[in-house]
Every structure is written in C-alpha cells, then in structure tokens.
2 protein chains.
Amino acid sequence: MNGAQALLRTLAGCGMELCFANPGTSEMHFVAALDAVPDLRGVLCLFEGVATGAADGYGRMTGRPAAALLHLGPGLANGLANLHNARRANTPLLAIVGDHASYHKRFDAPLESDVDAMAGAMSAWVRRPARPADVGADAAEAVAAAMTPPGRIATLILPADVSWTDGAEPAPPADVRPSAPVADEVIAAAAAALRSGEPCVILLGGVALRQAGLEAASRLSVATSARLLGETFPARHERGAGRPPVERLAYLSEFAAAQLAGTRHLILAGARPPVSFFAYPGQPSTPVPAGCRVSVLAEAGDDVVGALAALAGLVAPDARAVPQQAARPALPDGDLTAQSAAAVIGALLPEAAIVCDEANTSGLWLPGATAGAPPHDWLTLTGGAIGQGLPLATGAAMACPGRRVLALEADGSAMYTISALWTHAREQLDVTTVIFSNRRYAILSMELDRVGAGAAGEAARSLLDLSRPGIDFTALATGMGVPASRATTAAELAAQLGRALAEPGPHLIEAIVPPPF
Amino acid sequence: MNGAQALLRTLAGCGMELCFANPGTSEMHFVAALDAVPDLRGVLCLFEGVATGAADGYGRMTGRPAAALLHLGPGLANGLANLHNARRANTPLLAIVGDHASYHKRFDAPLESDVDAMAGAMSAWVRRPARPADVGADAAEAVAAAMTPPGRIATLILPADVSWTDGAEPAPPADVRPSAPVADEVIAAAAAALRSGEPCVILLGGVALRQAGLEAASRLSVATSARLLGETFPARHERGAGRPPVERLAYLSEFAAAQLAGTRHLILAGARPPVSFFAYPGQPSTPVPAGCRVSVLAEAGDDVVGALAALAGLVAPDARAVPQQAARPALPDGDLTAQSAAAVIGALLPEAAIVCDEANTSGLWLPGATAGAPPHDWLTLTGGAIGQGLPLATGAAMACPGRRVLALEADGSAMYTISALWTHAREQLDVTTVIFSNRRYAILSMELDRVGAGAAGEAARSLLDLSRPGIDFTALATGMGVPASRATTAAELAAQLGRALAEPGPHLIEAIVPPPF
C-alpha cells in the first residue's frame, strides 16, 4: 500500500468523510486513491480559498475536521486567508499539502517554495512524514491534533514520493485530548464576583454560544443580574426563538466600550479578552473600562459549558433560563435598503437555517431582525479575512443536508472567492446567496473617516468604489450554473427569497441597496 | 508629514508610478495620501492575487517596480501565489503590507497573524520600519532592493501607527547595485567549450531572451554550431519576425531530455540548470544527460547580455545573427481546436503585441503558430502557480499603453483570479482574453497517467472535470463589464479575434475547444 492509500484509509478510519480539493500533479496519487476509499469523498473547488473555507464551514457545523487538499506552496498560499478565519473560529480542520518528492526539492523546481513557513503561520500543528511507514501514524495524529479542543488547524505536508511509494499501512485513530475541566476554585472565584453586587458581564464565546451554554448563562443572568454578551465574531451562535438571547459585543470599539461601561467584573467564558478590531489614533486598544477586573472562567479549550453549568449550580440553582420569544418583522414594502432587506430575511428565515454572515456594513440590522426567527445557527467572519462567506456556506451545506443555508454577502467580499458558486451548483447545495450590492467597500468609507485620515480626495475615494463598472452578480451566478435574480424593491426581495428558499438547490439574489452611510 | 505621505513621496521620487491596491483599514492613511502624490496612481483590484500579478506584469515590461498594496497577513496571503510567480520571473516588485499599529499587535486582534513569516517565504528583502523617521530611507532601500539585478520581491511592512504618525520625511533614491560583470576567464572557458568541437547547447534565460541577447547568441550558434535553447518558462521572450528564433526547453522532462541528448557542454546564460517541473517515479530530476558538463556563463543577476556579446566577440567576430523570417499561418477553417485556435492567433497577432500565456495544455501549438508573426513579447507562467495570466495582462497593459495585450487562458487557471476582468474594464485596458474552454483540468488528466497513478476511477476523474456545470465565461465577463463572445468554429474565432483587436478596450472570447488528449 502506498502512502496516499494509507493516508486516505487512516482519515476514513478516523471518521473523516469529505476532502475539499484543488489538486495538482503532486497530489495525483492521493486523487487516484480516492476511488478505493469511498467513505472519503473528494469535492472539487476551483480555488484553494474555497476549499479551506468550505472545510471551515464543515468543521463548525460538525465539530469534526474535513480535509482541504492543496497543491504545493502556492496552493497553500491561496488557502491561507480562510485557514486564518478557521483558526480564529477554533475549527478542527486538516490541511493536506502535496509537496515535491523529497529528493526533488534540492533542485528548486519552479513550484518549490517554503511550504513549512507558510503552513506554520496558520497552523497549530505541522508535520511532514519522511517515509511511507510514517504516514498512517502521522495522519492519525493530524486528526487528533485538529480535534484537540477547541479545534485546531493541522497541516500534513505530503511529499510526492512518500505518497507514491509502497510500505505504508493505515493507523487507528489516535487519542484526542478532552477539554480540560475547570478547577473548583476558579468557579468559586467567578461565583464570588457574581455575588459581589458589583456590575458583572459574562462574555460568552465558542461553545458557550450553543444551547447548553446559553441556558446556563441565562440562569446566571436571571439569578445575579449579571449581563451577558457574546463575542463579536462567533464561529457558530445558536440563536432564535426558544433559545436564550445574547447580544454580541459591538465591532466598533467605541460601541463596545459603551456596552462595557461601568462593568467591574468581566468574566470570560470561552471568549478571549475584548480587543479593538483595529487600532485608531489616540484610541485605546481595548474597550474594557479602567478598573474592570477581567477573569477567565474557561478558555476555549476548557470545558466551558461544564464550567457555566457548575457556576449556575452554585449561584443560580433555582433560576430558569429565559428564552427568546418568537417574533418576526412584518414583510416590508417600499425601498430596498440594508434595513428593509434585514426585515425580509427576518420574516422568511426558515427553521434550522444556517446563516453565513459576511454582509459587513449591510448586516447592521440583521441581528435585530432575526432575533425572534425560528431557531437557527449564525456563522460569522471570525478572522476578518474577507472572502469567507460563500466557501463557508459550501461546507456548512455539505455538513448538514436537509438544512437551508443562507449566505449573506457584501459585494466586495463576495468577489474574493466567487467561484464557490460553481461548487454550489455542482453539488446542488441548498444554499441561497444574497448579495448586498452597494457598489462600494462601504466599510472602508467609514474607516477612512474613523482613522482620521482626513477629507479624502478623488484618488482615495476611487479605491473604495465598486461602481465603475457595476458588477452584475446575476450574470456571474448564472455563468457558474446558479439560478439568479435581482431585487430592487423590498417586495421583490421577499418574493425572490421566498421562492429560492422553497426550491431545492442553489440560488443567488442580487439585492441592490444603497450604502448604509 | 506622516509615514504614509513620506512613503508615497519617496516611491514617486524613485520613479514609481503605479500601486495596484486592495486596501483595508490599516492602509487608510496610505490611501488618503494618494491624492497628494499624483505621480503615484492607485489602481483598484478586487483580490490581492490580481494586485501582485499585475505588479508582476508591469515589472516585466518596464524593468521597474510597481507596488502591490495588501491588507495585513490575510491580504498578503492572497497575494503570495503571484508573488511566487514574480519571484521566479525575477521581477522587480514592491509589496507594501499594512499591519496593525505596533502597540496593538500584542492584543492579538482577529486579523493578527505572522506577516513576517509569510513575507519571508516569497521575498528577497523584508523590512518593517519602526518609526516614522525610518520610513523614507526604508522605502528608498526597498525600491533599490527590488531593482537589484535581475529583479527581486521587496516587502515593506508598514505598521498603521508608523503610517499615521508625523515626523517622517521622504528620502532620495538609494543606489541600485548594477549587474555584475562576468570575468574574462569565465568567458574564455565558455569559448573553449564552444571551440571544442563537442556538442554544445547554450541555454538562454532572463534578459538573454531579449533582442540584444538573442542576437549575440545567434552569432554564437552560426559560428560554432552550438545549439540555442530558451528556458522553459521565460519572464519575457522577445520573439517573432526579424528576431533570432529560439526554441524553448520542453515542459515535459522526457522531451527536454530528448532536446539535450548528446550534449557535452551545457552553457547557462541567465538561465538556471534544467530541472523536471515535477518528479515522477523512477525518473531523474533533471533532463541533463550523463556526461554533460554544465557551466555558468552568467547568472541572472550578472551582465548576461554583456557576457554573450563578449563571447561572440571571441568566437564569432564575423558572424551575423540569423533572424526569423516573417511567416503567418493561413486562417484556418473548420473545427475549433487548440491547434486551429493557435493558427488563428498566429495569423492575427498584431505587431508589438504582448502575449500573456497561461494556455497550459491548449497552448501546445502556439509557439509554432506565432514564431513568424510580427515582433512581440511572450510572457509565461514562470512559477507554475496558476491564476497568473489575467492579472499579468492587467499590469502589462498599464505598463505599455498603445500596445495590444493578448491573454491566452486555460479555463481552470482563469477561474483563480477571474476578477482581474473587472480591472480590465475599469481601466479600459486594451486586453483581449481568449479562454481555451475545454472544461477540464486537462494537464492533470495527463499527469495522472504520467505519475503512474494507474487507471483512475470515477472519483478521481471527477476532480479533474470542469463540465458539471460548464462555465459560461461570456456571462462572467459581461457581468464584470468586459464585452464577450463565444467561438465554436475556427472562422468564428478569427472573426471575433479580428474584431476585438481592432477595437479599443477589453474583450473576452470563449473558445470552445476539445481537450488536446
């Protein structure tokens, strides 16, 4: 058995089922071995950033890694931005990078580059099996590394000769380290803070934003008047009617500072300490107020939900979680704006929908408009590297057949990885994409002012402009096999979205909206 | 003056004129400063790989660097694949990566990543100015580093606070190290080889494939019967009627080995030692025959043309270069194939055209069909990282207004950086794109067999297939503002290409061709 065959069998034996692939010559033995391992399916993506973003979406929804198969250093490079987002999402993900045959590297062939340096920039674990006999064990360890709580990027660099040479055997799954229990004294300290009578905020992140964590947190809030906040960009937030609601910490640091004003105890449950997304001249790097004590109840890799439940057992033994009441906006009429589009989405969002939110500035009204919609998952741009939404939707849809995926996309962001639409069509995924087409990098128009860069001139403004020429997203979608339509009024969006959500397979709706500011 | 302003003024003072940009918040002061420095123009690209590929095209055609403005680590990551190609092309290129404010980095904000590791993987020179007072000198040194023969990638990482803080001043241009003269004894040794009577091949690369180098080489060939070959993937090959012709070393190593069979002296003039593009089981890594002595007349950073001229002065003082005779194929009729498409292109290629060749397997017949066309430049996929052609055409067109650019694109490769078409439209560039649409990764179908991966099954073949769904490139082009048409016969391609080349502005022609094998 050659290395490629042993690798695939090991991954399948570890329960992996999907490999999002954009292969090249050095991966041909891996590709050839796929037919012998039907449990692991290859899914073709036309760009590596689609493959890594899809693996992120799959990992967020299943808690298990998908593989992204990448070709040498440049293929890895193309996948790095969405690996960055996956790393920030704590997604379990296995990147497999084919490399030149080990003896060939010293010849510095045209595609040779420093794969290891690039892999290290985005991976928690990197290994390069040196011989076929190592592949099985290294692959099993790679999966275990990816599964290490809360989830990690593991990168396996597979030299072509290790792939094609016989002498390999599959390895059984390796042990996965469980999440670390939180010590009683840490829970007691949090309880003391909550009982202090001083203003407390519990900042929830990671798995704390799923049902069980939200319920424990809600009980804490009911019993102690601690306020709950969710991290700004969660990997996966379970929300909607029947689930305890949590407002997210604002993206803009001055708004986040207002949310945290007066807080004396900030208790982190699976969330990292708040930080301004960017630095601004004369502004602090963190919105945490002076005099506020920040303490860690549980880090993302700890047993976050267990810690919240234990804490609730101490300070809120009799409290009951308060669920979000069902409520939907009325279907709006009139102009199509980011605000009325949010109302349409809130009015029509199907139960168990998975929302991949890369709407950026156009998404400002979405949380409010969808808060009382039927229960759903909300996946966000965790690492800030745009071009995530359409690939993420690909992987989420493949992870959850039968559930509707709604990709909410800013126009500028959509163009980074637009070829994901082709995979939506090829796999006939139930993904409905809404493009918020405001024909500018609206967030940069705002940031240009916020950084104090002064009154921008024509040359500066032109770098934020997407109107010359305007992009026809319906043409792009149909060109890649995705049925598409354009909405210019709220009623048109409602009709088109309703129809798309009722039909199987992918759709794209280009929503023509003015910039929000 | 803040750091951004000093940076822009320094670059303009060094003669730089274009910045291909996909900026973000950390680059807003750079963007804002553009209006004050009109000599340096920002050109918006919708993806960083377009920006770096365009800077490569500009650098190849001018010998001077353009800037690529990238946003933090993920923006750099998206640009790395085409930086890799530029590095292999020895293109002078300045990457400017905005980073978080220096004091903000320790907070590990969502977009934080190891910028320096990724920059180092593709750059010959990396610097991060620590304070505004350093920016001017660092920028001047960056330009000089990029201009160091034969041309290099220099990356300047600009922290946001260094960008926005006052206390900077522009710096004058720094000295650029000239190319190194080749020692007389090296030239004498090459002369001895050429006079030995044993079979000699001179392998030309880099600037040796421009007019002056080709003429000297041709004289050597006439006087000594040495054979000339060009490197497999030149950055810029000046060819066509009136210029000495040079056949390129084949991509497939067994063909390259046949070209080199019997050679006793392989003399490298600006080219690197031949190496197989990939390794194959049981095959050697280099096509150079046993017993062949490989010697370096001039490395790429040496005075390659001077060395060839001096050598010609020694061994071919009276010889005259033999130019290619003008000859064009007849316009074909009948089926559209990669072969008949090549004939159409050879028949219609305008004088002084710049061809950006990423046609891959469909390009097999292009060199022969265009050999006797009017003089033109041929730019190739130097580093093997696909997704280069459309961005390269962007930069070449901006470098050479008044010249026609022809982007010859494989369908699979085109999808990597398809948004370059939008910049073609925005800048109304005289770029005609021909997509060879064979609806598969044809090169991988070939490589799957060549690597000995066995009879591929359905799962393997599906990862090489682009037919489900077929991509409508005319829809993609018109959706981004580029007029487009589809050709299904040789006559249609001829009519459409003739029309496109006669009109100003960009065009795209989707040429439906069968796979070549």
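Please read all numbers here as calculations on a predicted model, not as lab measurements.

A.B. asks: Please clarify how the overall build of chain A should be interpreted in this entry.
C.D. replies: A count of helical and extended segments in chain A gives 20 helices and 17 strands. When the backbone C-alpha atoms are referred to their principal axes, chain A occupies close to 65 × 60 × 45 Å. The buried share of chain A, reckoned over its 517 residues, is 67%. Across chain A, every contact between residues at least 6 apart in sequence was considered, and the portion connecting residues at least 24 apart equals 81%.

A.B. asks: Got a minute to help me understand the relation of the copies chain A and chain B in this structure?
C.D. replies: Each of the two chain copies can be generated from the other by rotation about an axis followed by a shift along it. Superposition record for chain A on chain B: RMSD 0.0 Å, screw rotation 180 degrees, translation along axis 0.0 Å. Expressed as a symmetry operation, the mapping of one chain copy onto the other fits a two-fold axis. Both copies share a contact surface, since 99% of the interface residues of chain A are interface residues in chain B too.

A.B. asks: Help me out: how do you make sense of the confidence of the model for chain A in this one?
C.D. replies: Any region with low pLDDT has predicted coordinates that should not be read closely. When pLDDT is averaged across chain A, the result is 97; 100% of the residues are at 70 or more. Both confidence scores are given for the complex: pTM 0.98, ipTM 0.98.

A.B. asks: Please clarify how the sheet that holds strand β3 (residues 67-71) of chain B should be interpreted in this entry.
C.D. replies: Strand-to-strand pairing in sheets goes through backbone hydrogen bonds, with the strands running parallel or antiparallel. All names here are of chain B. The 6 strands are arranged β2-β1-β3-β4-β6-β5 in an open sheet whose pairing can be described as parallel. Two strands lie at the open edges of the sheet, namely β2 (41-44) and β5 (125-127), each paired on one side alone. Each strand axis lies, on average, 20 degrees off the axis of its neighbour in the sheet, ignoring direction. For strand β1 (residues 18-21) and β3, the ladder comprises 3 bridges, and the chain directions are parallel. Opposite Phe20, over in β3, you have Ala68 as the bridge partner. Most of the contacts of helix α6 (residues 132-147) go to strand β6 (residues 153-159), to which it runs at about 160 degrees, and overall it touches β4 (93-99), β5 and β6.

A.B. asks: Got a minute to help me understand the interface of chain A and chain B in this structure?
C.D. replies: How large an interface is tends to be reported as the accessible area lost when its parts come together. In this complex, chain A contributes 84 residues to the contact, which on the side of chain B involves 83 residues. Ranked by residues supplied to the side of chain A that touches chain B, first place goes to helix α4 (residues 72-88) of chain A with 8 residues. Of the residues in the side of chain A that touches chain B, the class split is 50 nonpolar, 25 polar and 9 charged.

A.B. asks: What exactly am I supposed to notice about the sheet that holds strand β13 (residues 376-380) of chain B here?
C.D. replies: Residue and element names in this part refer to chain B. Strands sit in the order β9-β13-β12-β14-β15-β17-β16 across an open sheet of 7 strands; the sheet is mixed. Looking at the sheet topology across the chains shown, the edges are occupied by β9 (237-239) and β16 (484-487). Across this sheet, the average inter-strand angle for adjacent strands is 20 degrees, counted without regard to direction. Relative to the sheet, helix α14 (residues 389-399) contacts β12 (354-358), β13, β14 (405-410) and β15 (431-437), its axis offset from that of β14 by approximately 175 degrees.

A.B. asks: Looking at this model, I keep getting lost on the domain arrangement of chain A. Mind explaining?
C.D. replies: Residue and element names in this part refer to chain A. On domain assignment, one finds that chain A holds domain 1 (3-164), domain 2 (184-315) and domain 3 (338-512). On a C-alpha basis, the centroid separation for the pair domain 1 and domain 3 is 29 Å. Across the contact, 26 residues belong to domain 1 and 25 residues belong to domain 3. Of all the secondary structure elements, the ones that give two or more residues to the side of domain 1 that touches domain 3 are β1 (18-21), β2 (41-44), α3 (48-62) and α4. At 11 residues, α3 tops the list of elements feeding residues into the side of domain 1 that touches domain 3. The class makeup of the residues in the side of domain 1 that touches domain 3 is 15 nonpolar, 7 polar and 4 charged.

A.B. asks: Honestly, the pairing of β16(B) in this entry has me stumped. Any pointers?
C.D. replies: Walk down a regular strand and you will see the side chains alternate between the two sheet faces. Residues and elements named next belong to chain B. Relative to strand β17 (residues 507-512), β16 runs parallel, the two sharing 4 bridges. Among the inter-strand pairings, Arg486 is bridged to a residue of β17, identified as Glu510. In terms of handedness, the path from β16 via helix α20 (residues 490-502) over to β17 forms a crossover that is right-handed.

A.B. asks: I would appreciate a short explanation of the pairing of β2(A) in the present structure.
C.D. replies: Residue and element names in this part refer to chain A. The pairing of β1 with β2 spans 4 bridges and is classified as parallel. Paired with Leu18 across the strands is Arg41, a residue of β2. As for the winding sense of the linkage, the β-α-β connection from β1 through helix α2 (residues 28-33) to β2 is right-handed.

A.B. asks: Explanation requested: the packing of helix α8 (residues 184-194) of chain A against helix α11 (residues 304-315) of chain A in the structure shown.
C.D. replies: When two helices pack together, you describe them by how their axes are tilted relative to each other and by the distance separating the axes. Residues and elements named next belong to chain A. For the pair α8 and α11, the least separation of the axes is 10 Å and the interaxial angle reads 50 degrees. Relative to α11, the element α8 is oriented oblique. As for how α8 packs across α11, the hand of that crossing is right-handed. Facing α8, whose interface residues are Ile187, Ala190, Ala191 and Leu194, α11 presents Ala307, Ala310, Leu311, Leu314 and Val315. The residue makeup of the contact of α8 with α11, split by class, is 9 nonpolar, no polar and no charged.

A.B. asks: How should the nonpolar core be read in this particular structure?
C.D. replies: Soluble globular proteins tend to pack their nonpolar side chains together in the buried interior. Judged by nonpolar contacts, the single largest core of 325 residues is most densely connected at Phe20(A), Ala511(A), Phe20(B), Val143(B) and Ala511(B). Looking at this core element by element, the count peaks at 9 residues for α6(B). The residues touching Ala511(B), leaving out its near neighbours within four places in the chain, are Leu336(B), Ala341(B), Val434(B), Ile435(B), Phe436(B), Ser437(B), Ala487(B) and Leu493(B).

A.B. asks: I tried to follow the environment of Ala21(B) on my own but got confused; where do I start?
C.D. replies: Turning to its location among the elements, Ala21(B) is positioned in strand β1. For Ala21(B), a count of 25 C-beta atoms within 10 Å gives the class buried. When near neighbours in sequence (up to four residues on either side) are disregarded, Ala21(B) contacts Leu463(A), Gly42(B), Val43(B), Leu44(B), Cys45(B), Ala51(B) and Leu69(B).

A.B. asks: Help me out: how do you make sense of helix α3 (residues 48-62) of chain B in this one?
C.D. replies: Along an α-helix, a turn takes 3.6 residues, which lines up residues three or four apart on a common side. Residues and elements named next belong to chain B. Its 15 residues give α3 an end-to-end C-alpha distance of 21 Å, which sits within 8% of 21 Å, the value for a rise of 1.5 Å per residue. Counting buried residues along α3, 14 of its 15 residues qualify, which places the element largely inside the surrounding structure. Among the residues trailing α3, Gly63 stands out with phi positive, at a value near 75 degrees.

About the criteria used
Residues numbered from 1 in each chain as written. Chains lettered and ligands numbered in written order. Predicted model: local features only at pLDDT ≥ 70, side-chain atom pairs only at ≥ 80, totals over all residues. Helix = DSSP H or I, 4+ residues; strand = E, 2+ residues; numbered from the N terminus. Buried ≥ 20, exposed ≤ 12 C-beta atoms within 10 Å, placed from the backbone. Contact = placed C-beta atoms within 7 Å. Least-squares fit on C-alpha atoms with pLDDT ≥ 70 in both. pLDDT = per-residue confidence, 0-100. Pairing = 2+ DSSP bridges. Axes fitted to C-alpha atoms, helices over the stretch in contact; angles between N-to-C directions. Nonpolar A, V, L, I, M, F, W, Y, C, P; charged D, E, K, R; others polar. Domains from an automatic or database assignment. Right-handed = clockwise from strand over helix to strand, strands pointing away. Parallel < 35°, antiparallel > 145°, perpendicular 65-115°, else oblique. Left-handed = near helix turned anticlockwise from the far one by under 90°. Core = buried A, V, L, I, M, F, W, Y, C linked by C-beta atoms within 7 Å. Expected span 1.5 Å × (residues − 1).

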